[in-house]
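Structural overview
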Amino acid sequence: MMSRSYRIGLVIPLRGPGGIYGPSCEAVANLAAATLNDNGGILAREVEIEVIDASLPAPELRAEIARLLAADRIHAVTGWHISTVREQLSSVLAHRIPYVYTSLYEGGESRPGIICSGETPGLQIGPALRWLREHAGIRRWTVVGANYVWPRRTVPAIRAYCHELDLQVVEEIYVDYGTTDFSRVLPRIEKSGAEGTVMLLVGRDAVAFNRAFCGRGLHQRLLRFSPLMEENMLLASGADATENLFVAAS
């Protein structure tokens, strides 16, 4: 008989650009909990999942985490969420309970109590740019990213890789997180003289970009590379909008 439960806060987006991932994240977490419980739980404690909406406004999310901590409702936190959310949670969770951040991210996280298991640009973007240079001859890139932590801190790494590999970043374009209208972005890409586009876009935003990109016919002469792509984004984009799209994501 297992003793009182070990409750894990699962911070995942249920709405907004990342909401497309929410059901899959919850299903994976429930499968993991069931597997753990079939093998004795954690320290002989049954694992339970407490879903927390990562798309809440920052003050509400911090308040919700603080409330759950005070009520002894969560004993650890994990989940898939953007780096902006990680910044918000770290101030509440530091030195209190374990926090495992699973998303790919920009790297550089070293605060005590935060365990990062996702890929960083050195594992994804650097090798991909080298491979695409050698196998597809791509040397001139545009970057399209959402205007928040992950893209902003990743672009300097892209510039460094391009310098090392004798490549060029000819255009950097930032859009608001939650953008689905790329009508002003695509002409800039088209006129840039680039041969490829690095996508630093999340979920629904990336789906809209893929559809618009191919709807304009840009996939016929430019390839796209993304370090963030999974089944939901792939299916939502559709076969017609994923031609000439390259991905390096676990």
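Everything numeric here is computed off the predicted structure, so don't read it as measured data.

1. Some details on the packing of helix H4 (residues 121–136) against helix H5 (residues 149–165)
Running from N to C, H4 and H5 point in directions that differ by 40 degrees, and their axes come no closer than 10 Å. Here H4 is positioned oblique relative to H5, judged by the angle of their axes. Crossing hand, H4 versus H5: right-handed. Residues Pro121, Gly122, Ile125, Gly126, Leu129, Arg130 and Arg133 of H4 form the contact with H5, whose participating residues are Thr154, Ala157, Ile158, Tyr161, Cys162, Glu164 and Leu165.

2. Let's talk about helix H2 (residues 58–70)
Along its 13 residues, H2 runs 18 Å from first to last C-alpha, staying within 8% of the 18 Å computed at 1.5 Å per residue. Leu61, Ile65, Leu68 and Leu69 are the residues of H2 that are buried. Take H2 and look down its axis: the buried residues cluster within an arc of 105 degrees, on one side only. The outward face of H2, more than 90 degrees from its buried face, is lined by the exposed residues Pro59 and Ala70. At the C-terminal side of H2, aspartate 72 shows a positive phi close to 60 degrees.

3. What to know about the nonpolar core
Counting 72 residues, the largest nonpolar core has Ile65, Leu89, Leu129, Trp141, Ile189 and Phe209 as the members making the most contacts within it. Among the elements that line this core, the one with the most residues is H5, at eight residues. Look past the residues within four positions of leucine 129 in its chain and what remains in contact with it is Trp141, Ile158, Tyr161, Cys162, Leu165, Leu167 and Val198. In terms of nonpolar packing, the next biggest core, distinct from the first, is built from five residues, Ile8, Ala33, Val47 and Ala76 among them.

Conventions and cut-offs
Residues numbered from 1 in each chain as written. Predicted model: local features only at pLDDT ≥ 70, side-chain atom pairs only at ≥ 80, totals over all residues. Heavy atoms only, no water. Axes fitted to C-alpha atoms, helices over the stretch in contact; angles between N-to-C directions. Helix = DSSP H or I, 4+ residues; strand = E, 2+ residues; numbered from the N terminus. Parallel < 35°, antiparallel > 145°, perpendicular 65-115°, else oblique. Left-handed = near helix turned anticlockwise from the far one by under 90°. Contact = heavy atoms within 4.5 Å. Expected span 1.5 Å × (residues − 1). Buried < 20%, exposed > 50% of the residue type's maximum accessible area, 1.4 Å probe, protein only. Arc of directions from axis to C-beta. Core = buried A, V, L, I, M, F, W, Y, C linked by side-chain atoms within 4.5 Å.

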